[in-house]
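Descriptive structure summary
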Amino acid sequence: MKKMIFALCLILISSTVFTYGSTGVRAAESSKITISGNVSNIRVGDTFKLQINGEQFEDLFAVEVMLAYDAQALQVQDVKAGEAYDSFDAYQIDAAKGELYLPLARKQLQPNPQASVHLADVTFRALKDKGVEVQIRRIKAVGSERQTNQQGYKDLKGLTSEAGEAIVIQIAKQDGKAPDYSSGQTSSTSSSDKPAASAPTIIDGAKAILNEKDPMKAAEKLQALLSGLKSELSAVEKEALLQAAEATVAGLSVVPANKEGTGVDTVYVISAADLSQYDSLLQSIRASLHKWNIDSPQIDNAQLKAVMEYTLSGRDVNKLGVYRYNETSGTWDYVRGTVHQIDAGKFTVAAKQAGSYRIMEYSRPYTDTAGIYAEAKYAVEVLTAKHIVNGTSDTLFSPSKQVTRAEFSSMIVRALNLDLLDSADQAKSAYSDVGTEAWYSKDVAVLNKLAIINGFSDGTFRPNDPVTREQMVVIVMNALRSLELLPNSSGTAEKFTDDETISSWAKDSVNMARELKLVSGTGQNRFMPKQPTNRADTAVFIWKMLQQLN
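Conventions and cut-offs
- Residues numbered from 1 in each chain as written.
- Predicted model: local features only at pLDDT ≥ 70, side-chain atom pairs only at ≥ 80, totals over all residues.
- Heavy atoms only, no water.
- Pairing = 2+ DSSP bridges.
- Helix = DSSP H or I, 4+ residues; strand = E, 2+ residues; numbered from the N terminus.
- Axes fitted to C-alpha atoms, helices over the stretch in contact; angles between N-to-C directions.
- Expected span 1.5 Å × (residues − 1).
- Buried < 20%, exposed > 50% of the residue type's maximum accessible area, 1.4 Å probe, protein only.
- Polar contact = N/O pair within 3.5 Å; in protein donor to acceptor, adjacent residues only side chain to side chain.
- pLDDT = per-residue confidence, 0-100.
- Contact = heavy atoms within 4.5 Å.
- Salt bridge = Lys/Arg side-chain N within 4 Å of Asp/Glu carboxyl O.

**Points about the sheet that holds strand β16 (residues 267-270)**
Strand order in the open sheet formed by five strands is β15-β16-β22-β18-β19, and the pairing between neighbours is antiparallel. Because the sheet does not close on itself, it has two edges, and the strands there are β15 (258-260) and β19 (331-334). This sheet shows a mean twist of 35 degrees between the axes of neighbouring strands, independent of strand direction. Where strand β18 (residues 320-326) and β19 come together, four bridges link them in antiparallel fashion. What sits directly across from Asn326, in β19, is Thr331.

Here it is as structure tokens:
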């Protein structure tokens, strides 16, 4: 919807020239664009806000306004669209000529009759003591109704609009001298009598924060700067603060993990005090930024984490994992959802719990995997070490046993940590044959919520049916698409000789899986799409998928 509105706004920009009253249907009696604002007692260095309004319009969908001002005496600091309109950051400032070009479009397409509409706010800074005026030099307005223009194309219907009177501002000297920006104080027309931080103070403060290497000190400086703000920020000030905040939060997100011991016996300790302090600072910074309408997904989505480095010392890198000591049970519990940077020799862990952590190699020998092919044997060992698959007993893996749809769903959820990304509501089941008490119900619910599985047309999931080879591939490809991890297909994969037996809903996924070398057929270039898969082959398939993601 927003792209559609922006496209219509571009039509405005590229069509006819500005006029005070373009030919077309008249909007309403005395329809006009006006400027207003409190401009009394303005002194050099002050900032003040002017409001642009539309008066007596019945359906003002979009408008282009050109403001003219004295460039020697005034400087545009910020432009903000009204609540019902959007500028799409397409406004242009010509500081040399003293012109502000401002295109605005209503956020809703349907007619929105209002006698008066708030279009935008423009914040100026007074630079020189003199009498000046801000005037509307050109206007073009249109309604949301479409009509056919003289060239035979569909176009928005033009509205006749007048320009309101110019607003006159008398700028006085700052107590007989120019304002002192170095003190961090200027006078302000704000209702508060407290002086506002000046632009140089904010920008210089932001630069100091960017140069601070200690994340705690940077966070404290940022908080002090944010706490000292007293007036609305300019676009330049917001950008400087945003850069400083993003850099600070990036550093603050890494909680210290203090090393104890050396080599394979190294223990990393995350203290509860550090975790609490870092989390408190992070939440406080977010709240302060939101107060000043400084938004950043990078900051909002930041999570505390810890980095733990290791040396192999003869261990298999693919069987390493992070474990946290459970003081209640006296055991080391596997930590899921870590990021393993093999080339750098480190793990990044979500710092959700204080405690002691170790990087360990996990090995669980099965007595029945010695006779399977080497690739499958290694895949079983690695997925067992990553706690993605389990044995059918303490000593058996049962490699030739068929995998059910419920079992495969749980394997994929664990392999991709999908349950850590989205916790599905277990109170309701999407399928008539999956009860909330079933051990696999949460995994199936997560896959359904993420549109990775669809079930059957009769509303069942059939959890105990063997998963077929084409079903297995489709589930994995859907999961990778959901996570935006699937590369673009070149469409050059060789087809299997039994391609015609692959279900239509599975062909694209099977071709992509073959192109990624996740599947290679069962011999004689056949895929055997309806054939159930066994535990050994499934382990190979999942391990190949994980290698593609590294």
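**Notes on helix α3 (residues 215-227)**
Look at α3: 18 Å from first C-alpha to last across 13 residues, which is about the 18 Å you get at 1.5 Å a residue. Considered for burial, the residues of α3 that qualify are Met216, Ala218, Ala219, Leu222, Gln223, Leu225 and Leu226. You can read the cap of α3 off the contacts: a side-chain oxygen lies 2.9 Å from the backbone nitrogen of Met216, and it is on Asp214.

**Concerning the confidence of the model for the chain**
In the predicted model, the chain carries a mean pLDDT of 85, and the fraction of residues at 70 or more is 85%. Long-range and interchain partners of residues 1-28, a stretch whose pLDDT sits below 50, account for 66 contacts in this model, where long-range means more than four residues apart.

**Regarding the pairing of strand β17 (residues 305-309)**
Sheet faces and side chains relate simply in a regular strand, where the side chains alternate between the two faces. Across the two faces of β17 the burial differs, with Ala306 and Met308 buried and Lys305, Val307 and Glu309 not buried at all. In terms of strand pairing, β17 meets strand β21 (residues 346-350) through five bridges, oriented antiparallel. The partner of Glu309 across the bridge, within β21, is Lys346.

**Section: the pattern of salt bridges**
By the definition in use, this model includes 15 salt bridges. Measuring nitrogen to oxygen at the nearest pair gives 2.7 Å for the salt bridge that ties Asp70 to Lys130. Linking Asp70 in the loop between β5 (62-68) and β6 (74-81) with Lys130 in the loop between β10 (116-126) and β11 (131-148), this pair joins segments that are 60 residues apart in sequence. Its relative accessible area of 27% is what places Lys130 among the partly exposed residues. Here Lys507 ties to Asp499 by a salt bridge, and the two come within 3.4 Å at their closest N and O atoms. Classification of Lys507 by relative accessible area gives partly exposed; the value is 27%. Each of the salt bridges in this network shares a partner with another, and the network as a whole consists of Lys319, Lys377 and Glu381.

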